[in-house]
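Summary of the model geometry
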Amino acid sequence: TVTIRPIPQPPVLQDLQVAQTTLVVSDTNSLNPSLRNPLDPNLPNATIVIVSVREQNTNQPIQGASVLLSSSDPDTLWVVGSNAQLRETTVLTDAQGQAQATFYTSKKAGTVTITAQLDNQTKTAQITQVPGPALITLSANPTEIFVRLPDNFTTADGQNHDYRNLDRRAQITATIA
């Protein structure tokens, strides 16, 4: 009996697929993905990243190819199954030649480059990590805040005022747009 097997073609790393490219920053850089909550509860802080490997010329999927996924932000988190790692992880392709990982943002806003690497081949994608909503908490004990002001000031209508003659109590209202 003679068995004829085709000569395997070299693997080709396909484009990197990212489900969502704009994510909100996480509220922590924890290694535990269940503790990484989005800073804005209305926006996601994680996305699925899929990589594909196919044979050159035949375009057949390659099972068991080892692909390194990495991020330019050292505090981003990669999760594959129950394994969580900072900055980078290795995935193995399935029978369809695909592998996936979940990418979690760090606490840092900005553009992050994610890279898939197979041998000397690389593919990249950009993820934008946006800041969450502005949040200011002011507390003081005692509840008095001291502000040093000049003796005189001029209001928008051009009137001059002397602070020494004003009531020292104030109510502060702040609006953040």
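Heads up: the structure comes first, above all this text.
A brief report on the enclosed structure follows.

Cut-offs used in this document
- Residues numbered from 1 in each chain as written.
- Predicted model: local features only at pLDDT ≥ 70, side-chain atom pairs only at ≥ 80, totals over all residues.
- Heavy atoms only, no water.
- Pairing = 2+ DSSP bridges.
- Helix = DSSP H or I, 4+ residues; strand = E, 2+ residues; numbered from the N terminus.
- Axes fitted to C-alpha atoms, helices over the stretch in contact; angles between N-to-C directions.
- Core = buried A, V, L, I, M, F, W, Y, C linked by side-chain atoms within 4.5 Å.
- Buried < 20%, exposed > 50% of the residue type's maximum accessible area, 1.4 Å probe, protein only.
- Contact = heavy atoms within 4.5 Å.

**Here we look at the sheet that holds strand β10 (residues 110-118)**
Here we have five strands laid out as an open sheet, ordered β3-β11-β10-β5-β8, and mixed in their pairing. Strands at the two margins of the open sheet, each flanked by one partner only, are β3 (22-24) and β8 (88-92). Pairwise comparison of adjacent strand axes, ignoring direction, gives a mean angle of 30° for this sheet. As paired elements, β3 and strand β11 (residues 121-130) share three bridges and run parallel to each other. Bridged to Val24 within β11 is Val130.

**Comments concerning the nonpolar core**
Counting 22 residues, the largest nonpolar core has Leu16, Val51, Val67, Leu69, Phe103 and Ile114 as the members making the most contacts within it. Breaking this core down by element, the ones donating at least two residues are β4 (46-55), β5 (66-71), β9 (98-104), β10 and β11.

**Considerations on the side chain of Gln129**
Among the structural elements, Gln129 can be located in strand β11. Those residues within four positions of Gln129 in sequence are excluded, and the remaining contacts are Leu23, Val25, Asp73, Thr76, Phe103, Thr105, Ser106, Lys108, Ala109, Gly110 and Val112.

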